[in-house]
Amino acid sequence: FKMAAEQGHAQAQYATALSYLYGDGTTVDYGQAFYWMEKAAGQGEFRSQYELGNLYYEGNGTPVKYEQALYWYEKSAQQGKTDAQLACGLMYLNGLGTPENNEKALYWLEKAGTPNSRMSLSGNREAQTCCGVMYSEGRGTAVNKEKAFYWYEKAAENGDQYAMLQCYVMYTMGIGTKMDREKARYWYEQISDETVKEKLQQSPRFKMLAPDLILKD
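Being a predicted model, the structure only gives us computed values, none of them experimental.

**Let's talk about the packing of helix α6 (residues 82–94) against helix α8 (residues 125–137)**
Piece 1. It is at 10 Å that the axes of α6 and α8 come closest, and there the two elements cross at 35 degrees. As α6 packs across α8, the resulting crossing turns out to be left-handed. Residues Leu 86, Leu 90 and Leu 93 of α6 lie in contact with α8, whose contacting residues are Glu 126, Ala 127, Cys 130 and Met 134.
Piece 2. A breakdown of the residues in the contact of α6 with α8 according to their chemical character gives six nonpolar, no polar and one charged.

Laid out in structure tokens, this is it:
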């Protein structure tokens, strides 16, 4: 890989960078990883752009620079890399490397959460859950319980415990979807985190809405 990398081949530069990043066939060297990742990213190699964003974000081989991290994440995200889209969304959401911008956060999170044949067949569940929260709370958009439910259910189908809890609540109370006790029970029973269930069962609202589920799991 090294010879091809020195000849300017972006794929080889990316592979060389990874070998230094993870110590594959060589010792870990963040400086060399950064050097070759930057070379490949500059040629438009989308995986390298994402990894270069990580190096800037974590301060490996370079000082921490959130602005540069976001710059490279966005370059990669524009080429469709799901992880980069999630990273952009979270940075805009939290105001890292940029002023907080909920509209841009939601834009990138929806991109990351949407299934696509190239990068993610099921979409990123963290992004899907974030979209559910944002539509539920009206962050970066008007409150829309139907869209909140849509994203929570996508995330729940991908295994997110918090989203499963939200699906249970929304099916139980008919929020953003039709009330459906069977589907509510289904999502409640999918929750494997006992701490979540215990807190839920202590809620007076839960005891009123679902007495048949108390202490039966």
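**Some words on the nonpolar core**
For soluble globular proteins, the rule of thumb is that nonpolar side chains tend to be buried together.
Piece 1. Ranked by internal contacts, the top residues of the largest apolar core, which has 57 residues, are Met 37, Leu 52, Tyr 73, Leu 109, Tyr 168 and Trp 187.
Piece 2. If we ignore the near neighbours within four places in the chain, the residues touching Met 37 are Tyr 14, Ala 17, Leu 18, Leu 21, Ser 48, Glu 51, Leu 52 and Leu 55.

**Quick look at the environment of Ala 15**
Piece 1. Mapping Ala 15 onto the fold places it in helix α2 (residues 10–22).
Piece 2. Considering only alpha carbons, one finds Ala 15 and Glu 182, 167 residues apart in sequence, at a separation of 50 Å.

**Description of helix α10 (residues 161–173)**
Piece 1. Along its 13 residues, α10 runs 19 Å from first to last C-alpha, staying within 8% of the 18 Å computed at 1.5 Å per residue.
Piece 2. Among the residues of α10, Ala 163, Met 164, Leu 165, Gln 166, Cys 167, Tyr 168, Met 170, Tyr 171 and Thr 172 are the ones counted as buried.
Piece 3. The distance from a side-chain oxygen at the start of α10 to the backbone nitrogen of Tyr 162 is 3.1 Å, and the residue carrying that oxygen is Asp 160.
Piece 4. Gly 174 sits one or two residues past α10 and shows a positive phi near 70 degrees.

**Comments concerning a nonpolar patch on the surface**
Piece 1. A contiguous nonpolar patch, built from Tyr 57, Val 64 and Tyr 66 and spanning about 240 Å² of accessible area, is present on the exposed surface.
Piece 2. For Tyr 66, the position within the fold is in helix α5 (residues 66–77).

**Details of α2**
Piece 1. End to end, α2 covers 18 Å across 13 residues, agreeing with the expected 18 Å (1.5 Å per residue, within 8%).
Piece 2. By the burial criterion, the buried members of α2 are Ala 10, Ala 12, Gln 13, Tyr 14, Ala 15, Thr 16, Ala 17, Ser 19, Tyr 20 and Leu 21.
Piece 3. Looking at the buried residues of α2, the elements they touch are α1 (2–6), α3 (30–42) and α4 (46–58).
Piece 4. Downstream of α2 by a residue or two, Gly 23 has a phi angle that is positive, lying close to 70 degrees.

**Focus: the pattern of salt bridges**
Piece 1. Throughout the structure, instances matching the rule amount to two salt bridges.
Piece 2. A salt bridge links Glu 45 to Arg 47; its shortest N-O distance comes to 2.8 Å.
Piece 3. The closest approach of N and O atoms between Arg 185 and Glu 189, which form a salt bridge, is 3.0 Å. Separated by four residues within a single helix, Arg 185 and Glu 189 lie in helix α11 (residues 181–190), roughly one turn from each other.

**Section: the side chain of Thr 82**
Piece 1. For Thr 82, the location among the structural elements is in helix α6.
Piece 2. Thr 82 gets classed as buried once you look at its relative accessible area, which sits at 6%.
Piece 3. In this structure, Thr 82 is in contact with Ala 112, Asn 116, Met 119, Ser 120 and Asn 124, ignoring residues within four places of it in sequence.

Here is what the cut-offs are and how they apply
Residues numbered from 1 in each chain as written. Predicted model: local features only at pLDDT ≥ 70, side-chain atom pairs only at ≥ 80, totals over all residues. Heavy atoms only, no water. Axes fitted to C-alpha atoms, helices over the stretch in contact; angles between N-to-C directions. Helix = DSSP H or I, 4+ residues; strand = E, 2+ residues; numbered from the N terminus. Left-handed = near helix turned anticlockwise from the far one by under 90°. Contact = heavy atoms within 4.5 Å. Nonpolar A, V, L, I, M, F, W, Y, C, P; charged D, E, K, R; others polar. Core = buried A, V, L, I, M, F, W, Y, C linked by side-chain atoms within 4.5 Å. Buried < 20%, exposed > 50% of the residue type's maximum accessible area, 1.4 Å probe, protein only. Expected span 1.5 Å × (residues − 1). Polar contact = N/O pair within 3.5 Å; in protein donor to acceptor, adjacent residues only side chain to side chain. Patch = residues over 30% accessible without salt bridge, like charges linked within 9 Å, V, L, I, M, F, W, Y side chains within 5 Å. Areas by Shrake-Rupley, 256 points an atom, 1.4 Å probe, with all protein chains shown as cover. Salt bridge = Lys/Arg side-chain N within 4 Å of Asp/Glu carboxyl O.

The values reported here are purely geometric and, on their own, carry no functional implication.
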